[in-house]
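# A structural walkthrough
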Amino acid sequence: MSNDVLNREINPKKRQQIDEILQHLHNKELLVINPRRKNGLILYKPYHAEFAGPGAAIGADFDHDVLDVLPVGKLSLSTPRTSKERINSYLIRRQWVKLAKQISDNTVSQQRAQVILNQFEHWFDLETASLLPDETFALLVGVLPQTMKKVRTQSELLSQ
């Protein structure tokens, strides 16, 4: 993975939030992304990235190999209080993984890039999606950053 993604310019407050999240993940703590907000977390792993959206579990044994994270939206995390909450958050995380797999199963890289871009614009909004680097989207669906940039440029031209 390129150091460009891991060494991106981030304001000190956000860097502190990221460092705190990484500490929780490296301690194998189980956290849940607030299911009542449009928020999520990109988890950068050695060879790919994963998106954990609202309601998903993060941490525990799932994310022991996380190198860095990127909050999306106004991130809110909590600790599950009951076994039912834990189980539900595991199931929701599995749904986010399945969705990413469905997108990645498409053999046409430009279509994978377009679908992930459309999904983030739908889950959040155009402005939030535009803040995410091309390399991040590329790592989520297994395309080259150049492919992501090309698809974004085409999408911007079509929307004008």
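Residues numbered from 1 in each chain as written. Predicted model: local features only at pLDDT ≥ 70, side-chain atom pairs only at ≥ 80, totals over all residues. Heavy atoms only, no water.

Looking now at a nonpolar patch on the surface. On the surface, Phe-62, Ile-87, Tyr-90 and Leu-91 cluster together into a nonpolar patch covering about 340 Å² of accessible area. Here Tyr-90 is to be found in helix α3 (residues 83–104). On the basis of relative accessibility, which here comes to 32%, the residue Tyr-90 falls in the partly exposed class. (Patch = residues over 30% accessible without salt bridge, like charges linked within 9 Å, V, L, I, M, F, W, Y side chains within 5 Å. Areas by Shrake-Rupley, 256 points an atom, 1.4 Å probe, with all protein chains shown as cover. Salt bridge = Lys/Arg side-chain N within 4 Å of Asp/Glu carboxyl O. Helix = DSSP H or I, 4+ residues; strand = E, 2+ residues; numbered from the N terminus. Buried < 20%, exposed > 50% of the residue type's maximum accessible area, 1.4 Å probe, protein only.)

Moving on, we get to the environment of Phe-51. Looking at the secondary structure, you find Phe-51 in strand β3 (residues 49–52). What makes Phe-51 buried here is its relative accessible area of 9%. Between the alpha carbons of Phe-51 and Leu-99 there is a distance of 9.8 Å; along the sequence they are 48 residues apart. When residues no more than four places from it in sequence are discounted, the contact partners of Phe-51 are Asn-39, Gly-40, Leu-41, Ile-42, Val-72, Trp-96, Phe-120, Trp-123, Phe-124 and Leu-140. (Contact = heavy atoms within 4.5 Å.)

Here the focus is the sheet that holds strand β6 (residues 77–78). Strand order in the open sheet made by the three strands is β4-β1-β6, with antiparallel pairing throughout. Single-partner strands in this sheet number two, and they are β4 (57–59) and β6. When strand β1 (residues 30–33) meets β4, the two strands line up antiparallel, connected through three bridges. Among the inter-strand pairings, Leu-31 is bridged to a residue of β4, identified as Ile-58. (Pairing = 2+ DSSP bridges.)

On inspection of all chains with the given rule, the structure shows nine aromatic pairs. Chaining the aromatic ring pairs together yields one cluster made of Phe-51, Trp-96, Phe-120, Trp-123, Phe-124 and Phe-137. (Phe/Tyr/Trp six-rings, centres within 6.5 Å; stacked < 30°, edge-to-face > 60°.)

With that settled, consider the packing of helix α4 (residues 109–123) against helix α7 (residues 145–159). At their nearest, the axes of α4 and α7 sit 9 Å apart, and the two run at 60° to each other. When the interaxial angle is binned, α4 and α7 end up oblique. Where α4 crosses over α7, the two elements pack in a sense that is right-handed. Where α4 approaches α7, its residues Ser-109, Gln-110, Ala-113, Gln-114, Ile-116 and Leu-117 are matched on the opposing element by Thr-147, Met-148, Lys-150, Val-151, Arg-152 and Ser-155. Its residues placed into classes, the contact of α4 with α7 shows five nonpolar, five polar and two charged. (Axes fitted to C-alpha atoms, helices over the stretch in contact; angles between N-to-C directions. Parallel < 35°, antiparallel > 145°, perpendicular 65-115°, else oblique. Left-handed = near helix turned anticlockwise from the far one by under 90°. Nonpolar A, V, L, I, M, F, W, Y, C, P; charged D, E, K, R; others polar.)

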